[in-house]
Amino acid sequence: MNRLNNNNNKKAFTLAEVLVTLGIIGVVCALTLPTLIDNHRKSVLKTQFQKTYSELQQVNQKFINDYDMNICEYNWQMTDEYETFGSATRATSEAFIKYYIGDSSSKSGILGFQQIKNLTGTKTVPQTLFDDGGAVDMQKRTFYFEFGNPNWKCPIISVDINGYYKKPNQLGIDVFSFRPTKDGKIIPIGNPRTIYDAINGSAVQGNNHSCTCTKKETDSITNGVCCAYWANVDINPDDNSKTYWK
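Small disclaimer: the values here were computed from a predicted structure and weren't measured.

Conventions and cut-offs
- Residues numbered from 1 in each chain as written.
- Predicted model: local features only at pLDDT ≥ 70, side-chain atom pairs only at ≥ 80, totals over all residues.
- Heavy atoms only, no water.
- 1 Å grid on protein atoms, 1.4 Å probe; cavity = no way out; pocket = protein on both sides within 12 Å on 5 of 7 lines; lining within 4 Å.
- Points joined across faces, edges and corners; volume = space filled by probe spheres on them.
- pLDDT = per-residue confidence, 0-100.
- Helix = DSSP H or I, 4+ residues; strand = E, 2+ residues; numbered from the N terminus.
- Contact = heavy atoms within 4.5 Å.
- Phe/Tyr/Trp six-rings, centres within 6.5 Å; stacked < 30°, edge-to-face > 60°.
- Buried < 20%, exposed > 50% of the residue type's maximum accessible area, 1.4 Å probe, protein only.

### Notes on the layout of surface pockets
Turning to step 1, where the next piece is worked out: In this structure, the largest pocket occupies an estimated 350 Å³ of space.
Turning to step 2, where the next piece is worked out: Lys42, Gly172, Ile173, Lys215 and Tyr244 are the residues nearest the centre of the largest pocket, which is lined by 16 residues in total.

Here it is, written out as structure tokens:
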């Protein structure tokens, strides 16, 4: 009998206490979940960026081995043949994109080229930065080609690393620009070697929009073009004590 009474006298949480506890848990989740989701998204984008850049370098080396010339030299050859920068770079992009599985055709006006935003999302980037050629691979990544600086004849290759169908389609977040070099490398735009590059051979050149990568600048239509360099070294250009991807 005493044992039964002892069991009946055991303390338990009241309904009010349970509800308060659940409420506290809910508030904590509401405060931390967005941060966890954002950190996961950035981690995924970082992995996609690293994979994209690594594959660009591998494809670049295969291109050199197969054609016995680098992409800049091939583009020079196409420029002599077609006599227009746009047509030459489209031909170069056709040769290059065949190394990727998927849609190997190259065309002007590929998906989303007219809707890409700058780093802060406040401006639409000029279509002329992406319209000389492009294709989509099996992973839905979108490749855009532009002839770049006429003096270099090296095309700029911009890649939407998670594909046109996945937002935000912004420079420095999921769209990054690279270019081959005369010595057979692929380097990210923003690298010191690209400091004197024209971002684009026509519409952007000379319009006072610099190649920047900063969250402090909202006016430039090309803010974000130079972010590939900072993403690669994983340093925040606005605060070098912080990482780019965090």
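So that's the structure; there's more coming.
### A word on the confidence of the model for the protein
Turning to step 1, where the next piece is worked out: On average, residues of the protein score 81 in pLDDT, and 79% of them reach the 70 mark or higher.
Turning to step 2, where the next piece is worked out: Here helix 1 (residues 2–8) stands out as the element of the protein with the lowest mean pLDDT, 55, in contrast to helix 5 (residues 227–233), whose mean of 94 is the highest.
Turning to step 3, where the next piece is worked out: Below a pLDDT of 50 lies the segment residues 200–209, which in the model reaches 22 contacts outside its immediate sequence neighbourhood of four places, other chains included.

### Things to note about the packing of aromatic side chains
Turning to step 1, where the next piece is worked out: The full count for this structure, using the stated rule, is 17 aromatic pairs.
Turning to step 2, where the next piece is worked out: A ring pair is formed by Phe49 and Tyr53, whose centres lie 6.4 Å apart and whose planes are at 40°; its orientation type is tilted. Placement of both Phe49 and Tyr53 in helix 2 (residues 15–67) is noted, with a separation of four residues, approximately one turn of the helix.
Turning to step 3, where the next piece is worked out: Assessed through its relative accessible area of 10%, Tyr53 is described here as buried.
Turning to step 4, where the next piece is worked out: Consider the rings of Phe49 and Phe176, whose centres lie 4.8 Å apart with planes at 65°: the pair is edge-to-face. Residue Phe49 is located in helix 2, and its partner Phe176 is located in strand 4 (residues 175–180); the two are separated by 127 residues in the primary sequence. Residue Phe49 shares its accessibility class with Phe176, and that shared class is buried.

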